[in-house]
Structures are given as C-alpha cells and as structure tokens.
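Summary of structural features
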Amino acid sequence: MEVGSLPVELWRLILAYLPLPDLGRCCLVCRAWRELILSLDSTRWRQLCLGCPECRHPNWPRRPHLPPVSWREALRQHALASRTWTQNGSDLHSSACLHLFRRRKDRRVWHAGTVAGGGYETLRGALAAAGPYDKVVLHAGVYEEQVEVSLKVPVEIVGLGKLGDVSLLVSFDQQCPTVRLCNLVFMPAWFSPVVYKTSSGHVQLDNCNFEGCQLHIRGPGTCQARFCSFAQGSSAHFLGVAISLMDSCEFSGGDSASVTVEGAPVSERNWAFKHLLALAKTFNMMTSNGSTEISNQGGKDSVGAGSHVNTPVEGVNTMEDWNKQEVDWEANWAKQKGGDGLLSSQDGTMIEEDRMETSSESSEVDDEQDDEKSTCLKLSYDQHGLAHLSKADTPDSSAFPALLSLSAELQRDAEARDLAASVQGCLLRRCLLRDGKGGVHLCNHGQARLEANVFRGLSYAVRCIQNAKMVMLSNEVCGCKASGVFLRLSAQGLIAENNIHSNGEAGLDIRKGANPIILCNRIHSGLRSGIVVLGNGRGSIRSNQIYGNKEAGVYILFNGNPVVSGNHIFQGLAAGIAVNENGRGLITENVIRQNQWGGADIRRGGDPVLRDNFICYGYSDGVVVGERGRGLIEGNHIYGNRGCGVWVMSSSLPQLIGNHITHNRMYGLAVFCRKDTESAVNREGYRSLQERERGVGVGERDRGGPENFNEERELMAWESDIDSEDERFSSRRPITVALVENNCISHNRAVGVYVKSSEPLNVVANMVNSNRGDGVSVIQSAQLTRLVGNCVLCNGWTGVTVDKECRVELRGNGVYSNNCHGVCFRGDGLIVENDVVGNNAVGIRVMDNADVKVLRNRVQALQGYGISVKKRVRGVVQENLIYQSLSASTKTPIRTNKQNLECVVLNNSLLTPRSQALWALDNPPPRPHNSNPSSVTPSTLPANLTITMTNRITASVESGCHNNGSIFCSIL
C-alpha cells in the first residue's frame, strides 16, 4: 500500500496502535514508510518509552519535566544497554548461531511468590531450580532470606508490576559471570547492610530502589546501574574496579558519601570490560554533542534559580561607557554629600596644597606673562628614551583575550586531552546526588569519570584525595554547605565545562599537593571564594568564568602555587584574585574586571607572578599590595578602576615592571605607610585602611572572623616545600627594595605616583604623563626614594613634588610640559642630571628648609624662573644649564634669597637661542635615555648654542658645607 493513498495524519493515527516489533518491520518497507514511522516520535515512540517497565523518563532524575531530544533514540539506547549482561562470550559454544538458537529454546521463566497455578514460594527455591540465563519473575510481596544467597549461575531476576510492589530483604553474593536485576526494591537484611556484592562477575541493575543499604563491587567485578534510586542513606562502594557504569541514578539522604571509589583499577579484566568500555565511549560522544544543551539548562534547576548572577553579565565594555557611568556616579555622590563630588573633595586635597603654596610666587609668574609669550621658543624633547610609552592606546573590551573553548584547550594541552579521552574506574553519568552529606568520594588511587551529573544540597559534592584521579565534565554543583569540589593529598584530574555555583564555601578547594587541570567552567554566586588553592596545592586554572562570588574569585594562600591563565574573573563582591599567607602562583592573561575590591590583592608574604592581565573597571583599586606583600607585577593593563591603579603598602616588596596604569579614578600608583590611617577613603564602596591591611573579606566582616580553611574543623599542618621555594627565587631577580620600573602611568584622575612611605622605594624608567594632579608626589619618605630615568610629562599640576622631611633622589629624569612647576622640592636629597623643560611655572623650585644638591640639570621654564631657591634652603646649586625661553627677557634665570648664606650657587650657565632650528636638547639627547639612565655621563654644553656668561663669584665648596654653614654664596 502506498503512503500517499491516505493522508499522513490518518496514517499516524493507524500506526499509533502498532507494537514495537511491528513498527520495526514497517521501517524496513521503504524510505517513505521509514520517515513516516520516525515522525511518530512525540506520540507512539513516547508512549512506548514511558510504558517500558525497565526504565523511567529518559531525563530522570535530573530534569524529568524536559523531553529528550528524541524519544525513539532514548528507547533504542535503553534496549542496547539492557542487553549488556547477556553478551558473555565465555559461554559461547563453537557454533555461535546454534548457541543462540539453543539459548532461546532452553531459556525458561520461573515464578516465585503467590502464583495461581503453581510456582515457588521462596526466592531461594526459584533460584535453585533456575538454569543459566533463565528468568525469575517475582510477584508482588516481600521476600526475606535469613542467610546470604549465593548466585552461582547467570540469571535474571525481575519484579512483576510497578516499582515498589516487590521488596527484597536479601543479601546476594554473586559468584557467576553475569546477573541482571530489574524492577526491585532492596532493603538490608537483619545481618548485613550489604544487599549485593560481587568480586569477579558483572551485575546489571535496571530500575531498582535501594533503601538504607549498600552495593559493593570489587575489581575485576563490574556493575552497570541504570535508573536506580539510592535513598535513606544507601550508597555504592567500588574497590579497585576497572570499569563500572552508573547511568541516570539518584542518590539522596545519605550520612556519608553516596558513591565511594577506592583503590587503583586492577589489571585483571572480566568478560564485560570491553562491552562497558564501548558503551562508555558512546556516552562520551553523546556528552560532547550535548554539552551545550546541558550547560544552558543547568541553571534552571539549580539552587537559587532565577537569580541574575547565574548568567554572566558583561556590563561595561568600553572606556566611553565607563566614563559615562563615572560622570553619573560623581553626580550622585555630589548630591549625597552636598559637595563638588569625589574628585574635588579627595584629589583636591593634594592639588590644593600646591596651588596654595604657589600663590606666593604669583607675581614672578605674572611678570613673564606678557606679549613676548608668543615668541617663546620651546626646546624639543620628543626623542627621549621612553617616547614609545607615551603612544599607548586606551584598551577596551576588544583587546581582552577571548575565552578558549574546551576543544581549543585540549588541542593545546596533551595531558588534558589524554585525561578527557580516558575511561577507567567508575563512570557516573546523568545522575542526581542531593540532600546528603557527600556526593562522590575518591581515595587511595581510585579513578572516576563524572559526566553531566547534578550535585545539589550536599555537604560536599566531590572529594578527591590520596593520589586519586578524576575526570569531571559538564556537571552542575550547587547548594553545597562546604566546598563543592575538594581535592587534596596529590589528587589529580580534569575538571571542565562544569557549572559550579551557590556553594557555602569555595567552589573548588585545592590543597596538599593536589594538581588538577581546571578548564572552561562557570564558577559563580558562591557564598565564599570561587577557587581556593592552599597548603602546597597546585593546578592549572584556565579559560574559566569566575564571577559573582562574595569573596575572592581565586584565593591563593599557604604556599599554594597554581597557574591561573586566560580566565575572566568579574563582578565579585571582594577581590578578583587574592594571594595571601605566603601564597604564590603564575597569574597570566586573565581579564579581571568589575570587582568590588582590588582586582588583585597581595599581602602577608604573598609572592605571585602577575603578568599580562587586564585589570579594569573595578569599584576599588586595580592591584593592592598589602603588608609584607611581594611579587612580580609585569606587563598588565590596569585601567578604569574607581580607586587607585596600584595601591602599595610601604612594608611590601613588589616589582612593578612594564605595566600600563591608566585612566584610574584616583592615583595611578599610591604607596602608603603601614600605620597611615588618614589616607584611607572612608566612603561607600571602599574599605577602611585597617581592613585593607588585614585583608578582611565580605564574609569575614559579616561573620566576625577569618575564613576557616581547615576541613571539618580539623587542625591542618601545612607541609614545607623547600625545593619549590628555591625554584621560585632562582627564576626571579631578588630585591630588597620595592621597584617600580618601565611602567606607563597616565591619564589618572589624581596624582600619577603618590608616595607616603616609611620604606625605601626605587622608581625607575617610568612614563608618568597626562595625570590630572602632580606627576609624582612624595609626601612622606622616611627612607630614600629614588626617582631615576623617568619621564614626567604633561601632568595637570607640578611634575615632581617632594614634601618636607622627605629623602628623595632625582637623577636622569625628563620633566616636561607640566601645567605648573617642573620640580617643587621641600625635602632632603639630590636633583642631579635631569632635564626640566617646558613647564608652565618655575623649572626647579626649592623652598622651606630643604637640604638639597641641584647639580648638572638642564632647565627651561616657559614662565617664571629656571631655578628658584626660597626661604632657608641649605645646599648647592651647581653646574646647571638654564635655557632661556624668551630671547629678549631680562629676568634672572636663577632666583635666590640673598639673606640665605647656607645655599651655594655656582658655575651655572645661561643659554640663549639664535634660532628655533638650533634650539634642541642634544649631547646628550633628551632624558631619560634608556632603562638605566643612572649610567649616563654628566651633560656637557651643546656645541651649537651661544653661551652668554654672566659674572660669577666662585668659591671652593667643601663637601657638606651646607650642614655647617657656607663660606661664600655664589649668585648669578
């Protein structure tokens, strides 16, 4: 009969009455009939799948309300899996065909229970009569045996009726190659909680319930459990298994781990190994094809579903968007405080001091502001050694390194690729583990593979310890009271494409030598940190999304030493990455953005390598280096943060090298004293300085105590790791003074480099330009601060400011075109071989009770004096080169206080240009020269300039004469 002879709808109505065998025969008629049969997926195939007594809904127990992709395919997979137990090759005779015919003919069905017309009264009697591969049907009732029942021949035991009609209070000991149990409820016998055990054969469990009992499988024995429920504290124990499969099972209500895998897989294999391995690989293919669907549906059934933090919010992507938010934020702040906004109230504190102090010299500046200003000849300084840093572009979201997919990561990492392809030990797939103490416990070299499971409402989801190894793919871990996934004692494995969220402690806890590979996960909405690495824990953490956690996204402490690379860490309620208590780690190429506190927080012995990261759009500081913090901070882009770009405590020893610190709301780099309580910004969204020093987190502040990293309140002693400690220091330049080198610090809304420190500091070869406040401001420096080879360019106020009682050395710097003075110096120290050119007020201004030597500098001031020495300054102003800006000017290039006899001014030179073509800094070229400007030889007079020499009064000056009073004063 042709399909086209009747409407398709009528054919579907007719075919809906056919049983499964007839549907199969119809598929073989022709292609048109096959397509017609396949179109019955949501009707007849659904009825057949749900009506099968040996299985449940294909998405049970995780998402029984969601239909499968194909009901027919689900039924086919069930049919294939349910026949594994009969594929015992060891029982085949010489003729496979004859054997199969004989088995069908000889296989018998035995009945037990209350049966009309005969049958056995007890289960033991029916089993005694059954032959190999016979079927024992148990009718409704409760079957109890007082002693252990041994299964010595392959047999199939099936409960008749609905699940729950047949209950067994029996303890089985399998001693035969294969057994199948279906549609049964197991409860513990009076003498043992173990209801089933095998040490060599294969057992297949379909649609069974376990209530308050245990399943024990010992290698080389194997197990395949499908659509089984383990309730009331039931659990499964696997000891040394080579392979076992748990598919679509539910575990609930246990007071210990639901699944325990212990011992390395034994080398001996039973007959079912190859069949289960082939089935497991089929699972892997299905998981890889459906991983996107799983991840998309994962949040729907999670704890806290519907919360906006379960989906990553990209937020601000460009500097324009961020600046618009900044303007709105400033306006709201001004309304709340009744002032001019944060910028004027906070940043103005430092800037207004300089403005007020320069008011006394307004007359000397005003005298130069006449019509001759248009003829002012400026020295060219464009060819200085750090010119390349001034051309840095403003980054935006397009510059972020993209998150790699799992397939891309596996192509790059051979070890991860081998782990992803490996199938050994216990395979848990599409299971639900809920409302108990523990999910999966691996120990003592055990191995397991966890795919597409849901762990919900447990104390912990997965614990992997004692050299165990696991592969964890596409799972959801949520609502755990402690950490979601816990690894320690040299555990290893691959954790990839999981959705880990809303857990009471860390999403992942790695400690005591554990070394997992963590790829492409979503770790979010935790009540504490996202990932914690401590106690010599290691690991490779790559291409993850870590967001919305109440504490640090990644927390490294107690000698933890992971590799954190290529992750997006954002929208956390504390720091993005925190390195504390001697933690280490290699932190590279991450995007750390929009976190409430520091993007990276290093303190109390933390010593990481922080390299090539984007740390941006934070609601506080970009990088915080707190008390006793160390580390190499190199090549990072730190921008758009509402606090400082980098906040450093003076008791720390960081190395800041080659970073771009730009467009931050406050200081570019701020170095504060340990006990400085006035520098904290006490306002909404910022911590107090005491909290910064202690590293108090949100959770700690709420609970009133530090985070507890001791599992189950046990006291843990962290092992020392001397070898790794030596390796760490051998690969890095040792320092005893904090180092700031080769950074670009620009376009920040306050001072570029702000120093209020009690420890020495080296600031070398940095580009400090276009900041709204001073370029460099040293407010307090009890020990020597060295500013060497920097370019301080086009800042909104003074280029370099040094306050009273500060010890500062300025050597080999270029201070160009700042909006006020070039250098304003009130402290003690040296100003040697600098180029101070093109600034809008005084070139070098020395005042108050400064004790300073001003030697061999090249100075040009567009307005005001080249060098101004005011009040009771002690020191020497010697061999400086003053470039006159106005050819017709009659102003004295060096201004001094004639009544001050403690300052010696001698051998300075005034240069007047003849033409603009010859008016340039050369021999040597404009400073800074290179990355080590302190090695540059003293400047000599340019050959192409006419030198106008004034009368000099010279005198020999003994070393340190300014301390004991000068003999003569030399004045131009």
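Residues numbered from 1 in each chain as written. Predicted model: local features only at pLDDT ≥ 70, side-chain atom pairs only at ≥ 80, totals over all residues. Heavy atoms only, no water.

Quick word on the overall build of the protein chain
As a reminder of what qualifies: Helix and strand assignments come from DSSP, with helices taken as H or I runs of at least 4 residues and strands as E runs of at least 2, each series counted from the N terminus. We call a residue buried when its accessible area falls under 20% of the maximum for its residue type, exposed when it is over 50%, and partly exposed in between, using a 1.4 Å probe and counting protein chains only. Two residues form a contact once any of their heavy atoms are found within 4.5 Å. Surface accessibility in these figures is a Shrake-Rupley result with a 1.4 Å probe; residues are shielded only by whichever protein chains are displayed.
Helix and strand counts for the protein chain stand at 17 helices and 76 strands. Each of the 972 residues in the protein chain was classed as buried or not, and the buried ones make up 59%. For the protein chain, the proportion of contacts with a sequence separation of at least 24, taken over those separated by at least 6, is 54%. About 38400 Å² of surface is accessible on the protein chain, with carbon and sulfur atoms providing 50% of the total.

As for helix H4 (residues 41-51)
Our working definition: The reported arc concerns the directions from the helix axis to the C-beta atoms and nothing else.
The complete set of buried residues in H4 reads Asp-41, Arg-44, Trp-45, Leu-48 and Cys-49. The buried residues of H4 occupy an angular sector of 130° when the element is viewed end-on, so they sit on one face. Those residues of H4 that are exposed and aimed more than 90 degrees away from the buried face are Ser-42 and Gly-51.

Topic: the pairing of strand E22 (residues 438-443)
Inclusion rule: Paired strands are those between which DSSP finds at least two bridges.
With respect to burial, E22 is a largely interior element, six of its six residues being buried. Here strand E19 (residues 257-262) pairs with E22 via five bridges, running parallel. Residue pairing in the sheet places Val-261 in a bridge with Leu-442 of E22.

Examining the confidence of the model for the protein chain
To keep things clear, this is the line we draw: The pLDDT score gives, residue by residue, the confidence of the prediction method on a 0 to 100 scale.
Residue-level pLDDT values for the protein chain average 79, and 75% of them are 70 or greater. Counted against residues more than four places away or in other chains, residues 336-374, with its pLDDT under 50, gives 67 contacts. When the criterion is pLDDT under 50, residues 932-972 qualifies, and its contacts beyond four places in sequence or with other chains add up to 74 contacts.

Remarks on the pattern of salt bridges
Filter applied, for reference: By definition, a salt bridge exists where a carboxyl oxygen of Asp or Glu is found within 4 Å of a side-chain nitrogen of Lys or Arg.
Counting across every chain of the model gives 28 salt bridges. With a closest N to O distance of 2.6 Å, Arg-811 and Glu-809 form a salt bridge. In this structure, a network of salt bridges that share partners links the residues Glu-156, Arg-180, Asp-206 and Arg-226.

So, the nonpolar core
Short version of the rule: By nonpolar core we mean a set of buried residues, namely Ala, Val, Leu, Ile, Met, Phe, Trp, Tyr and Cys, connected to one another through side-chain atoms within 4.5 Å.
Grouped together as the largest cluster of nonpolar side chains are 134 residues, with contacts concentrated most on Phe-172 and Met-246. Each residue touching Met-246, except ones within four places of it in the same chain, is listed here: Cys-223, Ala-225, Phe-230, Ala-236, Phe-238, Phe-251, Cys-426, Leu-427, Leu-428, Arg-429 and Cys-431. Grouped together as the second largest cluster of nonpolar side chains are 15 residues, Trp-33, Leu-36, Trp-45 and Trp-71 included.

Observations concerning helix H3 (residues 31-38)
Buried within H3 are the following residues: Trp-33, Leu-36 and Ile-37. The buried side chains of H3 occupy one side of the element, clustering within an arc of 100° when seen end-on. Away from its buried face by more than 90 degrees, H3 exposes Arg-31 and Glu-35. On the buried face of H3, the contacting elements are helix H1 (8-15), helix H2 (20-27) and H4.

What to know about the environment of Ala-461
Here Ala-461 is to be found in strand E25 (residues 460-464). Relative accessible area serves as the criterion here: at 0%, Ala-461 is assigned to the buried category. With 18 residues separating them in the primary sequence, Ala-461 and Gly-479 have C-alpha atoms 9.3 Å apart. Apart from the residues within four sequence positions on either side, Ala-461 is in contact with Gly-439, Val-440, Phe-455, Val-477, Cys-480, Ser-483 and Gly-484.

A few points about the state of the cysteines
Put simply, the test is: Pairs of cysteine sulfur atoms within 2.5 Å are identified as disulfides in what follows.
Under the counting rule described, the total for this entry stands at zero disulfides. Here Cys-464 stays unpaired: no disulfide links it, and the sulfur of Cys-443, its closest cysteine neighbor, is 9.3 Å away.

Things to note about the environment of Ser-909
Position of Ser-909 among the secondary structure elements: in strand E75 (residues 909-912). Taking the C-alpha atoms as reference, Ser-909 lies 7.0 Å from Glu-879; in sequence the two are 30 residues apart.

Focus on the packing of H1 against H3
The condition is simple: To get an axis, a line is fitted to the C-alpha atoms, and for a helix only the part in contact is used. The angle between two axes follows their N-to-C directions and goes from 0 to 180 degrees. Roughly parallel covers angles under 35 degrees, roughly antiparallel covers those over 145, roughly perpendicular covers 65 to 115, and oblique covers all other angles.
The geometry of H1 relative to H3 is characterised by a closest axis approach of 10 Å and an angle of 70° between their N-to-C directions. Taken together, the axes of H1 and H3 are roughly perpendicular relative to one another. Here Val-8, Trp-11, Arg-12 and Leu-15 of H1 lie close against H3, whose contacting residues are Trp-33, Leu-36 and Ile-37.

Considering unusual backbone geometry
Residue Pro-220 is bonded to the preceding Gly-219 through a cis peptide linkage, with omega at 10°. On the secondary structure map, Pro-220 appears in the loop between strand E13 (214-218) and strand E14 (222-226). With omega at 5°, the peptide bond leading from Asn-923 into Pro-924 counts as cis. Secondary-structure assignment places Pro-924 in the loop between E75 and strand E76 (946-948). Phi at Ala-765 is positive, roughly 55°, even though this residue is not glycine. For Ala-765, the position within the fold is in the loop between strand E56 (761-764) and strand E57 (767-769). In this model, Arg-856 sits at a positive phi of 55°, which is unusual for a non-glycine residue. Inspection of the secondary structure puts Arg-856 in the loop between strand E68 (851-855) and strand E69 (858-861).

As for a nonpolar patch on the surface
For the record, the criterion: Within the patch definition used here, like charges are joined within 9 Å and nonpolar side chains (Val, Leu, Ile, Met, Phe, Trp, Tyr) within 5 Å, considering only residues with over 30% relative accessible area and no salt bridge.
A cluster of nonpolar side chains, contributed by Leu-10, Leu-13, Ile-14 and Tyr-17, occupies part of the molecular surface with about 430 Å² of accessible area. Within the secondary structure, Leu-13 sits in helix H1.

Focus: the packing of H2 against H3
Stated precisely, the cut-off is as follows: Gly falls in the polar group here, along with every residue not listed as nonpolar (Ala, Val, Leu, Ile, Met, Phe, Trp, Tyr, Cys, Pro) or charged (Asp, Glu, Lys, Arg).
Between H2 and H3, the shortest axis-to-axis distance is 7 Å and the interhelical angle comes to 140°. Residues Leu-23, Cys-26 and Cys-27 of H2 form the contact with H3, whose participating residues are Trp-33, Arg-34 and Ile-37. When the residues that make up the contact of H2 with H3 are grouped by side-chain class, the tally is five nonpolar, no polar and one charged.

Some thoughts on the packing of aromatic side chains
What counts, and what does not: Pairing of aromatic rings covers Phe, Tyr and Trp, the last counted by its six-membered ring, and requires centre-to-centre distances within 6.5 Å; plane angles under 30 degrees mean stacked, over 60 mean edge-to-face, and any other angle means tilted.
In the structure shown here, the tally under the stated rule is 15 aromatic pairs. With 6.0 Å between their ring centres and 55° between their planes, Trp-110 and Tyr-120 make a pair best called tilted. Separated by 10 residues along the polypeptide, Trp-110 in strand E1 (residues 109-112) and Tyr-120 in the loop between E1 and helix H7 (123-129) bring together distant segments of the chain. With a centroid separation of 4.6 Å and 5° between ring planes, the pair formed by Phe-210 and Phe-230 is classed as stacked. Of this pair, Phe-210 sits in strand E12 (residues 209-211) while Phe-230 sits in strand E15 (residues 229-231), and the two are 20 residues apart along the sequence. Comparing Phe-210 with Phe-230 shows no difference in burial state: the two are buried. Connected via pairs of aromatic rings, a cluster forms that spans Phe-172, Phe-186, Tyr-196, Phe-210, Phe-230 and Phe-251.

Comments concerning the pairing of strand E10 (residues 194-198)
Taking burial as the measure, the five residues of E10 include four buried ones, the bulk of the element. Bridging between strand E7 (residues 172-174) and E10 involves three bridges; their strand directions are parallel. Pairing of Gln-174 across the sheet is with Thr-198, part of E10. Judged from the four bridges that link them, E10 and E13 form a sheet pairing that is parallel. For Val-194, the partnering residue across the bridge sits in E13 and is Gln-214.

Things to note about the environment of Gln-863
On the secondary structure map, Gln-863 appears in the loop between E69 and strand E70 (867-869). Assessed through its relative accessible area of 8%, Gln-863 is described here as buried.

Focus: the side chain of Ser-483
Among the secondary structure elements, Ser-483 is positioned in the loop between strand E27 (476-478) and strand E28 (485-487). Of the residues examined, Ser-483 reaches a relative accessible area of 7% and is grouped as buried.

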